Structures are given as C-alpha cells and as structure tokens.
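Examination of the molecular architecture
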Amino acid sequence: MALANLNLVAANRSDYQKQQDEKYEQLQKVKLDQTFSGSDTSGKEIFLASITQKLALQNLNANFFLEQIVKMSQTSGGYLLGRVLRLSARA
C-alpha cells in the first residue's frame, strides 16, 4: 500500500511542479506599489514597526497586513526556499 502511494506521488510530481511553477510565475507578474518603500529592514521588530507606521500614515488597516505577514512567516518555507535553491542552481 505504501509503495503504491509512493508511486502515485512520483507519477504526479511533474504535474505538481508545473502547477507550482505557474503559481510562482504569476507571483512574479504582480505589480507592487510604493506603500512599503523605504521601510527599515534592519530587524524583524523594527521592520514591523516601520510598516505599521507607514500603514497608519495612509489610513490603512495595519492589523490585516500584520496578520498576513505572520501567516507567511509561519510556513515551513519549503516552497519559497525550494524556489530560491532551484533558481540558484540554474544560475
């Protein structure tokens, strides 16, 4: 049973990788505005304080952005780290 599952995973790996590559390409096409330009990135707490201040100046909901950043930072990093390693290997 376990071997059948491994074979199924291996068979679908290329489709999965293609789907992930398409998602990554879509992310690369996203145009960003200058909302967070000039943020202090010298440390995590300083960065969060810096973007909170920028959001407050623009009357934007800082809590929403901070919650999203927390969600992103809680991931295992597998996908983004894998992309970085893969891109580095191609270079």
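Residues numbered from 1 in each chain as written. Predicted model: local features only at pLDDT ≥ 70, side-chain atom pairs only at ≥ 80, totals over all residues. Heavy atoms only, no water.

Concerning the overall build of the chain
- Across its full length, the chain holds four helices and zero strands.
- Along the chain, helices (α) and strands (β) appear in the sequence α-α-α-α when read from the amino end.
- Out of the 91 residues belonging to the chain, those deemed buried represent 11%.
- Taking the contacts inside the chain whose residues are at least 6 apart along the sequence as the reference set, 32% of them involve residues at least 24 apart. (Helix = DSSP H or I, 4+ residues; strand = E, 2+ residues; numbered from the N terminus. Buried < 20%, exposed > 50% of the residue type's maximum accessible area, 1.4 Å probe, protein only. Contact = heavy atoms within 4.5 Å.)

Observations concerning helix α2 (residues 44-57)
- Taking 1.5 Å per residue as the helical rise, α2 with its 14 residues ought to reach 20 Å, and the 20 Å between its terminal C-alpha atoms agrees with that figure.
- Within the span of α2, buried status applies to Ser50, Ile51 and Leu55. For α2, the angular spread of the buried residues around the axis is 135 degrees, confining them to a single face. In α2, those exposed residues whose orientation departs by more than 90 degrees from the buried face are Glu45, Gln53 and Leu57.
- Asn59 sits one or two residues past α2 and shows a positive phi near 55 degrees. (Expected span 1.5 Å × (residues − 1). Arc of directions from axis to C-beta.)

A word on a nonpolar patch on the surface
- On the surface, a cluster of nonpolar side chains totalling about 330 Å² of accessible area is made up of Leu27, Val30 and Leu32.
- Here Val30 is to be found in the loop between α1 (2-28) and α2. (Patch = residues over 30% accessible without salt bridge, like charges linked within 9 Å, V, L, I, M, F, W, Y side chains within 5 Å. Areas by Shrake-Rupley, 256 points an atom, 1.4 Å probe, with all protein chains shown as cover. Salt bridge = Lys/Arg side-chain N within 4 Å of Asp/Glu carboxyl O.)

Structural notes on the side chain of Ser39
- Relative to the assigned elements, Ser39 resides in the loop between α1 and α2.
- With residues up to four places along the chain from it excluded, the contact list for Ser39 reads Phe47, Ser50, Ile51 and Lys54.

Quick look at the confidence of the model for the chain
- On average, the chain scores 75 in pLDDT, and the residues at 70 or more come to 77%.
- Taken element by element, the predicted model of the chain shows its lowest mean pLDDT in helix α4 (residues 78-90) (50) and its highest in α2 (84).
- Overall, residues 87-91 carries pLDDT values under 50, and its contacts beyond four positions in sequence, including any with other chains, amount to one contact. (pLDDT = per-residue confidence, 0-100.)

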